[in-house]
Amino acid sequence: MLTQPNKSDEELKATYNFIGVRDVSKAHVEVLKNEKAAGERIILANGASTWQDTRNYVHSLRPDLYASGVLPRGNPDLDNTVLYIYIYQQNEMIGDLLADFEARGWLKKPVDT
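Notes on the structure follow. For clarity, every value in this text was computed on a predicted model and none was experimentally measured.

1. Considerations on the overall build of the chain
Right, on to step 1. Assigned secondary structure in the chain consists of five helices and two strands.
Right, on to step 2. Ordering the α and β elements of the chain from the N terminus gives α-β-α-β-α-α-α.
Right, on to step 3. Over its C-alpha atoms the chain spans a radius of gyration of 23 Å, topping by over 25% the 13 Å that the globule rule assigns to 113 residues.
Right, on to step 4. Counting only C-alpha atoms, the chain reaches 75 × 40 × 25 Å along its principal axes.
Right, on to step 5. Looking at the chain as a whole, 12% of its 113 residues are labelled buried.
Right, on to step 6. Across the chain, every contact between residues at least 6 apart in sequence was considered, and the portion connecting residues at least 24 apart equals 66%.
Right, on to step 7. Approximately 9,700 Å² of the chain is accessible, and the part contributed by carbon and sulfur atoms is 55%.

Here it is as structure tokens:
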């Protein structure tokens, strides 16, 4: 998709997950050293992107590849964003959950029976 010209906006808006080969190789080594990982399925992902976002990033690094016609530009104005919201991280969610439980009086030491 990065090098193919004449892709439609729908194709350029398609998302994919990515992970670097160095991270995959490091994970393989670490799994072999970790007994807890035996028999487990390990899912690795760094993030998600669209093909147009990738083309835009490559253009920011190497605009000469687009100016020379080596790579197709696609539609740099293509906006695939539907929502502009902040996504809370796990530590924030757990902190809020504990604060809520405490406010409701749910965090009390169990009574021994």
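On we go from here.
2. Section: the pattern of salt bridges
Right, on to step 1. Taken as a whole and assessed by the stated rule, the structure comprises five salt bridges.
Right, on to step 2. In this structure, K7 and E11 form a salt bridge, with 3.8 Å as the shortest nitrogen-oxygen distance.
Right, on to step 3. Here D64 ties to R62 by a salt bridge, and the two come within 2.8 Å at their closest N and O atoms.
Right, on to step 4. With relative accessibility at 38%, the residue D64 sits in the partly exposed group.
Right, on to step 5. The exposure class of R62 is partly exposed, given its relative accessible area of 40%.

3. Considering helix α3 (residues 51–61)
Right, on to step 1. Those residues of α3 that sit buried are Q52, T54, R55 and V58. An end-on view of α3 places all buried positions within 155° of arc, on one side of the element. More than 90 degrees from the buried face of α3, the exposed residues found are Y57, S60 and L61.

Scoring rules and cut-offs
- Along every chain, residues carry numbers that run from 1 in the direction the sequence is written.
- In view of the model being predicted, local features appear only for residues whose pLDDT reaches at least 70, and side-chain atom pairs are presented and counted only at 80 or more, with totals across whole chains, interfaces and linings using the full set of residues.
- As a rule here, side-chain values cover all heavy atoms of the structure and leave hydrogens and water aside.
- In this text, helices come from DSSP runs of H or I with a minimum length of four residues, and strands from runs of E with a minimum of two, each type numbered from the N-terminal end.
- Atoms counted for the radius of gyration: C-alpha only. Globule rule: 2.2 Å times the number of residues to the power 0.38.
- Only protein chains enter the accessibility calculation, which uses a 1.4 Å probe. A residue is then buried if its area is under 20% of the maximum for its type, exposed if over 50%, and partly exposed in between.
- Pairs of residues are marked as contacts when any of their non-hydrogen atoms sit within 4.5 Å.
- For the accessible areas, the method is Shrake-Rupley and the probe is 1.4 Å, while residue cover comes only from the protein chains on display.
- We define a salt bridge as a side-chain nitrogen of Lys or Arg found within 4 Å of a carboxyl oxygen belonging to Asp or Glu.
- Working note: the arc is built from the helix axis to C-beta atom directions.

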